[in-house]
Amino acid sequence: MLKTLGMRYQALCCDYDGTLATAGRVLPETVRALERLIASGRRLVLVTGRELDDLQRICPRLDLFEYVVAENGALLYQPATRAETCLADRPPESFMTALRHKGVSPVSVGRVIVATWEPHEKAILEVIRELGLELQVIFNKGAVMVLPSGLNKATGLKCALQKMRLAAHDVVGIGDAENDHALLGMCGCSVAVANALPTLKSAADIVTTAAQGAGVVELIEELLRDDLASRAPQRQRHANDVTCALL
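Predicted, not measured: the structure shown is a model, and the values here were computed from it. (Residues numbered from 1 in each chain as written. Predicted model: local features only at pLDDT ≥ 70, side-chain atom pairs only at ≥ 80, totals over all residues. Heavy atoms only, no water.)

1. Side note on the sheet that holds strand β7 (residues 114-117)
So, step 1. Within the open sheet, the four strands sit side by side as β6-β7-β9-β8. Their pairing is antiparallel. Among the strands making up the open sheet, the edge pair consists of β6 (108-109) and β8 (135-140).
So, step 2. Across two bridges, β6 lies against β7 in antiparallel orientation. Directly across from Ser108, in β7, lies its bridge partner Ala115.
So, step 3. Strands in contact with helix α3 (residues 93-101) are β6, β7, β8 and β9 (143-148); relative to β7, the strand with the most contacts, it is inclined by about 15 degrees.
So, step 4. Sitting on the sheet, helix α4 (residues 121-131) is in contact with β7, β8 and β9, with an inclination near 170 degrees to β8. (Pairing = 2+ DSSP bridges. Helix = DSSP H or I, 4+ residues; strand = E, 2+ residues; numbered from the N terminus. Contact = heavy atoms within 4.5 Å. Axes fitted to C-alpha atoms, helices over the stretch in contact; angles between N-to-C directions.)

Okay, here's the thing in C-alpha cells:
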C-alpha cells in the first residue's frame, strides 16, 4: 500500500447529503477546506447514495475527489477519467413493472439502484418476496433504496481503496445517516457530524461540534493540525465503551 511518510490518515471518505453538503450544496468554505486537505497530500473519496447524474448536476467540484462511490456502493466513478464501473446488475424490469402496479411513486432508477421514499418500503418488500429476488432495502433519512444483496457503502469504498492502493485502516470516514454505518465501520477512524442520527453518533469514534459541511471543515482542520492525535484519548474511551458493551 502507498503511504505518505509521517501521515497517520491518508484519505478522507465523505458522505454527501447531510454531511459534506448543506441543504444539498457544498458551501464555498467547505470546498476551500477540501482543497487544503488535498494540498496536504491527503486524498478524497465521496461516498453517497445519490445517483451519478444527479450528483454531477448538483456538485460541480467532483474533480476534488479521486473516486466517487455512488448509488450507495453500486457504482464507482473516477472524475479524472470519467470512467464508470457498475459493481452489480440492476434489478430486472419485472421489478420496476411490479412497483408501478402497486402504485409506488416516484421511483428513480440509476445504473444499479432503484430508489423511492417512505412509506413505500412495505410494497417494495412485497414485490421482492413475490418475485423471489435477492435484493435488499436500505434506508437513508426517509429515502428507500433497493440494491442487490451485499452491496453497501463499505463494499463500494473497498473497491475504491483497492484502486487507490490504500488500506481502510489509514482512512477517516464521516457521515450522518443509517446507510453510513457500514462506511464508518470499515474506516480506521469513524466520525459523525453533529446532525447525525443518535445511533451513528454512538457508534462513531468522534462526533463533531458543528453540523453538516461545517462539521467536515472542523474535522479537516483537526486532521491538518495534528492528524487527530489530540482525539486519541476520546477514541480510546469510545473503544473501551464498545468493548465493555460487548462483554
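Still to come is the rest of the account.
2. Looking at the pairing of β7
So, step 1. Connecting the antiparallel pair β6 and β7 is a turn made up of four residues.
So, step 2. Where β7 and β9 come together, four bridges link them in antiparallel fashion. Residue pairing for β9: Ala115 is matched across the bridge by Met145.

3. With respect to the sheet that holds strand β4 (residues 75-78)
So, step 1. A sheet is described by the order of its strands in space; here eight strands give the open sequence β5-β4-β3-β2-β1-β10-β11-β12, paired in mixed fashion. Edge positions in the sheet fall to β5 (83-86) and β12 (206-207), since each of these pairs with one other strand and no more.
So, step 2. Both strand β10 (residues 171-175) and strand β11 (residues 189-192) contribute to a ladder of four bridges, which runs parallel. In the strand pairing of β11, Gly173 is matched with Ser190.
So, step 3. Helix α5 (residues 153-164) contacts β1 (11-14), β2 (43-47), β3 (67-70), β4 and β10 of the sheet and is inclined by roughly 160 degrees relative to β3.

4. Some details on the pairing of β4
So, step 1. Bridge analysis of β3 against β4 gives three bridges, and the strand direction is antiparallel. Looking across to β4, one finds that Val68 is bridged to Tyr77.
So, step 2. What sits between β3 and β4 in their antiparallel hairpin is a turn of four residues, with Glu71 showing a positive phi close to 55 degrees.
So, step 3. The pairing of β4 with β5 spans four bridges and is classified as antiparallel. Bridge assignment links Gln78 to a residue of β5, and that residue is Ala83.
So, step 4. Hairpin connection, β4 to β5: the antiparallel pair is bridged by four residues, and Arg82 has positive phi, about 65 degrees.

5. Things to note about α4
Think of an α-helix as turning once every 3.6 residues; residues three or four places apart then point the same way.
So, step 1. By the burial criterion, the buried members of α4 are Ala123, Ile124, Val127 and Ile128. Down the axis, α4 shows its buried residues gathered within 140 degrees of arc, on one side only. Exposed residues pointing more than 90 degrees away from the buried face of α4 are listed as Lys122, Arg129 and Glu130.
So, step 2. The inward-facing, buried residues of α4 contact α3, β7, β8 and β9.
So, step 3. Positive phi appears at Gly132, one or two residues downstream of α4, with a value of about 65 degrees. (Buried < 20%, exposed > 50% of the residue type's maximum accessible area, 1.4 Å probe, protein only. Arc of directions from axis to C-beta.)

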